[in-house]
Amino acid sequence: MRRVDRRLFTRTIFSDSLRSKTDASRAAPLPISDAATISAPHMHARCLELLLPQLVRPNARSLDVGSGSGYLTVAFALFGGTAYGIEHTQALTDLAKTNVK
């Protein structure tokens, strides 16, 4: 998780401005749209911990349902496999695409 700057994934669909480093690293969910949040860092860490045996397998593939800003999807991909994210709104899909670039 240290390889992905969470701050870059905490902007909202309403604003391109980044949150402060202190705000982005808070141990709490942060809103990214009117109906979605980026989960707290410990939740992402736990997810990665539980999936680690699968993520490091050769040709691993992962699907992040409700990928939001794309943060966890990028973290999945950094383990060497292929990661896919899916979202229920076009605004969040666009936000994730922007963040992943």
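Up top you'll find the structure we're talking about.
How each quantity is defined
Residues numbered from 1 in each chain as written. Predicted model: local features only at pLDDT ≥ 70, side-chain atom pairs only at ≥ 80, totals over all residues. Heavy atoms only, no water. Pairing = 2+ DSSP bridges. Helix = DSSP H or I, 4+ residues; strand = E, 2+ residues; numbered from the N terminus. Right-handed = clockwise from strand over helix to strand, strands pointing away. Buried < 20%, exposed > 50% of the residue type's maximum accessible area, 1.4 Å probe, protein only. Polar contact = N/O pair within 3.5 Å; in protein donor to acceptor, adjacent residues only side chain to side chain. Contact = heavy atoms within 4.5 Å. 1 Å grid on protein atoms, 1.4 Å probe; cavity = no way out; pocket = protein on both sides within 12 Å on 5 of 7 lines; lining within 4 Å. Points joined across faces, edges and corners; volume = space filled by probe spheres on them. Nonpolar A, V, L, I, M, F, W, Y, C, P; charged D, E, K, R; others polar.

### Thoughts on the pairing of strand β4 (residues 82-86)
Phase 1 of the analysis: Both strand β3 (residues 61-65) and β4 contribute to a ladder of five bridges, which runs parallel. Paired with R61 across the strands is T82, a residue of β4.
Phase 2 of the analysis: Considered for its hand, the β-α-β crossover made up of β3, helix α3 (residues 71-77) and β4 is right-handed.

### Focus on the side chain of S33
Phase 1 of the analysis: Mapped onto the elements, S33 comes out in the loop between β1 (30-31) and β2 (37-38).
Phase 2 of the analysis: Of the residues examined, S33 reaches a relative accessible area of 10% and is grouped as buried.
Phase 3 of the analysis: Within the structure, S33 has its side chain in polar contact with the backbone nitrogen of A35 (distance 3.2 Å).
Phase 4 of the analysis: Side-chain polar atoms of S33 contact the backbone nitrogen of A36, separated by 3.1 Å.
Phase 5 of the analysis: Ignoring any residue separated from it by four or fewer positions in sequence, one finds S33 in contact with I13, F14 and L92.

### Thoughts on empty space enclosed by the protein
The gaps left among the atoms become clear once a water-sized probe is rolled over them.
Phase 1 of the analysis: According to the stated counting rule, one finds one cavity of 30 Å³ or more in the structure shown.
Phase 2 of the analysis: The space that makes up the largest cavity amounts to roughly 40 Å³.
Phase 3 of the analysis: Along its surface, the largest cavity is lined by L55, A60, R61, S62, F76, G81 and T82.
Phase 4 of the analysis: Broken down by class, the residue content of the lining of the largest cavity amounts to three nonpolar, three polar and one charged.

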